[in-house]
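Here is what each chain is made of, one letter per residue.
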Amino acid sequence: MHAVTFEAPGEVALTEKPDPELEAPTDAIIRVEATGVCGSDLHIYHGRVQIEPGFTIGHEYVGTVEAVGDGVSDLAPGDRVLGCFQVACGTCFFCRHGDFHKCDESRTFGHGATLGDLQGTQAELALIPHASRTLRKIPDGLSDEVALFAGDVAGTGYHATVGAGLRAGDTVVVLGLGPVGLSAVQSALVGGASQVIAIDTVEQRLDMAKSFGAVPVHLTEQDPRAEIKTLTGGRGVDLAVEAVGNPQALELAIRLTRKCGTVSIVGVYAERVEVHMGLAWIKALRMVMGHANVIGHLDSVLALLASGRLDPSPLVTHHMPLADAPEAYRIYDNREALKIVLNP
Ligand SMILES: [Zn+2]
Ligand SMILES: [Zn+2]
């Protein structure tokens, strides 16, 4: 089969690999029909997240079940499915508490040996461990490219807002309008936010946030602190979502949040950073962070996608054949695309 592999920083390739085979009774093999290029793939592409050359990348996927192990009773060959970006054992301490994202045996697709040595989904075929927990049948009428969002981006937007304790009536600011930030805008509105303010520097992204119902604020051409003061009666927002993964964005999130409010950090951090901790402390902020419990939110997010109340389809800007992956990564790296869907 063909697969997209990381070769070196700034270089991915289409590589011929052996077809995957079932390894455990709870595994499934799927034929991938659509697979997304994600911001986390870009961290690998840049070498910021290090994986082995030749490793298959990608972790957003929909497809058709080809084979299942003896221990999988709820899926069968021919089922159309979507899947989560990571897998969890279901039996460890953390899984028993519903914290599937922190499973002791967690493995993430396409992130090399350090995250569980699970080959990625930007490929014609993929091995899916713990298939009954990782996969869901795609509801009738839901397109591949919308279903694709349930297992990563839409689940992360949901986690960053509803999962971070958003209450109906809250005011929310979202910093960074990549696909996750824009999904957080949608989830905040679906979760009952009275007002969502969306901050970025890219006009098209601000326009899209506005079309979803947010108030757009340009990071540098406007004054975000002054705008939010005006919009929140001088108090600051109830919930700030940091969807960038940058200390300046985090510090701004701390400044824009009201006393006793929540800062929800879904931007990726892999290093030590410096922020004004004294400000967070004196404001008695609640800070929640880390990657999303997408398995835990999967059924809720899929229901919202199926009903159309969450609709990420405007985020899909490019469809490309799998073979064009090197070009897709170049376009994505230049911020010329929001979501690229690759079709094997
Ligand atoms: Zn992702
Ligand atoms: Zn577990």
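Residues numbered from 1 in each chain as written. Chains lettered and ligands numbered in written order. Predicted model: local features only at pLDDT ≥ 70, side-chain atom pairs only at ≥ 80, totals over all residues. Heavy atoms only, no water.

(A) Examining the coordination of the zinc ion (ligand 2) more closely. Taken together, Cys89 (SG), Cys92 (SG), Cys95 (SG) and Cys103 (SG) make up the protein donors of the zinc ion (ligand 2), found 2.3 to 2.4 Å from the metal. Given 4 donor atoms and angles of 104 to 118° at the metal, the environment of the zinc ion (ligand 2) is assigned as tetrahedral. In terms of primary sequence, the donors binding the zinc ion (ligand 2) are separated according to C-x2-C-x2-C-x7-C. Classification of Cys89 by relative accessible area gives buried; the value is 13%. The exposure class assigned to Cys95 is buried, which follows from its relative accessible area of 4%. (Donors = N, O, S within 2.8 Å, 3.2 Å for Na, K, Ca; no water. Tetrahedral: all angles 85-135°; square planar, octahedral: opposite > 155°, others 65-115°. Buried < 20%, exposed > 50% of the residue type's maximum accessible area, 1.4 Å probe, protein only.)

(B) Spatial organisation of the coordination of the zinc ion (ligand 1). Every protein donor of the zinc ion (ligand 1) is accounted for by Cys38 (SG), His59 (NE2) and Asp152 (OD), and the metal-donor separations fall at 1.8 to 2.2 Å. Look at where the donors of the zinc ion (ligand 1) fall in the sequence and you get C-x20-H-x92-D. With Cys38 in the loop between strand S3 (28-37) and helix H1 (39-45) and His59 in the loop between H1 and strand S4 (60-68), this residue pair connects regions lying 21 residues apart in the sequence. Of the residues examined, Cys38 reaches a relative accessible area of 6% and is grouped as buried. Since its relative accessible area comes to 2%, His59 is described here as buried. (Helix = DSSP H or I, 4+ residues; strand = E, 2+ residues; numbered from the N terminus.)

(C) Spatial organisation of the sheet that holds strand S14 (residues 257-265). Taken in spatial order, the 6 strands line up as S12-S11-S10-S13-S14-S15 in an open sheet, and their pairing is parallel. For this open sheet the edge positions go to strand S12 (215-218) and strand S15 (286-289), each flanked by a neighbour on one side alone. Here the strands of the sheet are splayed against their neighbours by 20° on average, with no regard to which way each runs. Relative to S15, S14 is paired through 4 bridges, and the arrangement is parallel. Across the sheet, the residue bridging to Ser264 is Val288, located in S15. With respect to the sheet, helix H8 (residues 224-231) is in contact with strand S10 (171-175), strand S11 (195-200), S12 and strand S13 (237-242), its orientation differing from that of S11 by roughly 175°. Contacts from helix H9 (residues 247-256) reach S10, S11, S13, S14 and S15 within the one sheet, and its direction differs from that of S14 by about 150°. (Pairing = 2+ DSSP bridges. Axes fitted to C-alpha atoms, helices over the stretch in contact; angles between N-to-C directions. Contact = heavy atoms within 4.5 Å.)

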